[in-house]
Amino acid sequence: MCGRYVMAKATPDLVAAFAAEQAVGEDVAPSWNVAPTDNVRIVTERTHRRDGDDDGGSRPAAVRRLATAKWGLVPAWAKDPKIGSRMINARRETVLEKPAFRKAAVKRRALVPADGYYEWEKSGGAKIPTYLYSPSEDPLAFAGLYEFWPDPSLPEDHEHKWLLSFTIITTEAGDALGHIHDRTPLIVPPDLYADWLDPQLTESADVQQLLDAMPEPVLTPRVVSSDVNSVRNNGPELILPAQGA
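Residue positions within a chain follow its written sequence, with the count starting from 1. With the structure being a predicted model, the display of local features is reserved for residues of pLDDT at least 70 and the display and counting of side-chain atom pairs for 80 or more, all residues being used for whole-chain, interface and lining totals. Hydrogens are left out, water is left out, and the side-chain values use all remaining heavy atoms of the structure.

Draft legend 1. Region of interest: the packing of aromatic side chains. Here a Phe, Tyr or Trp ring, Trp counted by its six-membered ring, pairs with any other such ring whose centre lies within 6.5 Å, and the pair is stacked when the planes are under 30 degrees apart, edge-to-face when over 60, and tilted otherwise. All chains considered together, the criterion is met by 9 aromatic pairs. Considering the side-chain rings of Tyr-118 and Tyr-131, the 5.4 Å spacing of their centres and the 45° angle between planes classify their relative orientation as tilted. Of this pair, Tyr-118 sits in strand S8 (residues 116-123) while Tyr-131 sits in strand S9 (residues 126-133), and the two are 13 residues apart along the sequence. Exposure class is identical for Tyr-118 and Tyr-131. Each is buried. Through successive ring pairs, a cluster of aromatic residues spans Tyr-5, Trp-71, Tyr-117, Phe-142 and Phe-166. Each helix is a run of DSSP H or I of at least 4 residues and each strand a run of E of at least 2, with the numbering of both proceeding from the N terminus. Between buried and exposed lies partly exposed: a residue is buried under 20% and exposed over 50% of the maximum accessible area for its type, with that area taken using a 1.4 Å probe on protein chains only.

Draft legend 2. Inspection of the nonpolar core at higher detail. Only buried residues count toward a nonpolar core, which is a set of Ala, Val, Leu, Ile, Met, Phe, Trp, Tyr and Cys residues joined through side-chain atoms within 4.5 Å. Among the nonpolar cores identified, the biggest contains 59 residues, and Tyr-5, Phe-142, Phe-166 and Trp-196 are the most heavily contacted of them. Per element, the largest residue contribution to this core is 7 residues, and it comes from strand S10 (residues 140-150). For Trp-196, the contacting residues outside a window of four places in its chain are Arg-109, Ala-110, Leu-111, Ala-143, Gly-144, Leu-145, Ile-169, Val-188, Leu-210, Leu-211 and Met-214. We call two residues in contact whenever any of their non-hydrogen atoms come within 4.5 Å of each other.

Draft legend 3. Just the pattern of salt bridges, in detail. Should a side-chain nitrogen of Lys or Arg be within 4 Å of a carboxyl oxygen of Asp or Glu, the pair is scored as a salt bridge. Applying the stated criterion to the full structure yields 6 salt bridges. With a closest N to O distance of 2.9 Å, Glu-147 and Arg-108 form a salt bridge. A residue pair is termed long-range when its members are at least 10 positions apart, and Glu-147 in strand S10 and Arg-108 in the loop between helix H2 (102-107) and strand S7 (109-114) qualify at 39 residues. Given the relative accessible area of 7%, Glu-147 is considered buried.

Okay, here's the thing in structure tokens:
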């Protein structure tokens, strides 16, 4: 699973890295210990007609946005947003079948930028915190899904009427990472960013084909301090090698 990750890059850096045309929502402070229910940046692509477009059957333009969303997907049909704390991950193997995720999988896909993520390797009775990141130090892009949840207690025109939330898709870890944890975030390579975000790709079979096309990532593991175990701890020291590691 993915339950903790790092996103310490500033908004302008993310806009550049993901070729976003707009940055919307409240800015988010750098975090070396992102936890479920935190607000973070995600990348989405939605269609709309630009000013000056005619209505003669032209294809709506797709706009790529860097948006702020809560980690833990809240389905539109949910009665209580607290359900999101149980929806931080979606399994690649069943994402097109589960009621909470299947509509988002064909209509609302996102990239979730990350510098790296944490897993805990079991060793005897201990769990060893390990930070995994790209050897190039380029940002990773987790495959994500997002939803808009309407708060029934607020009027339609209220600025906080719609909650934007997301989940991270996980998959079986390959041989290179399987000894650390049996699940890992599904990571989208740069050459598939446009395909994953494409709002015109809405057929389940096409989405499944795209999921199957995701290659196994090349990541570097680093044993880090147990300080990361507490969500109260945050800072760049969390990703430094543990003493004696």
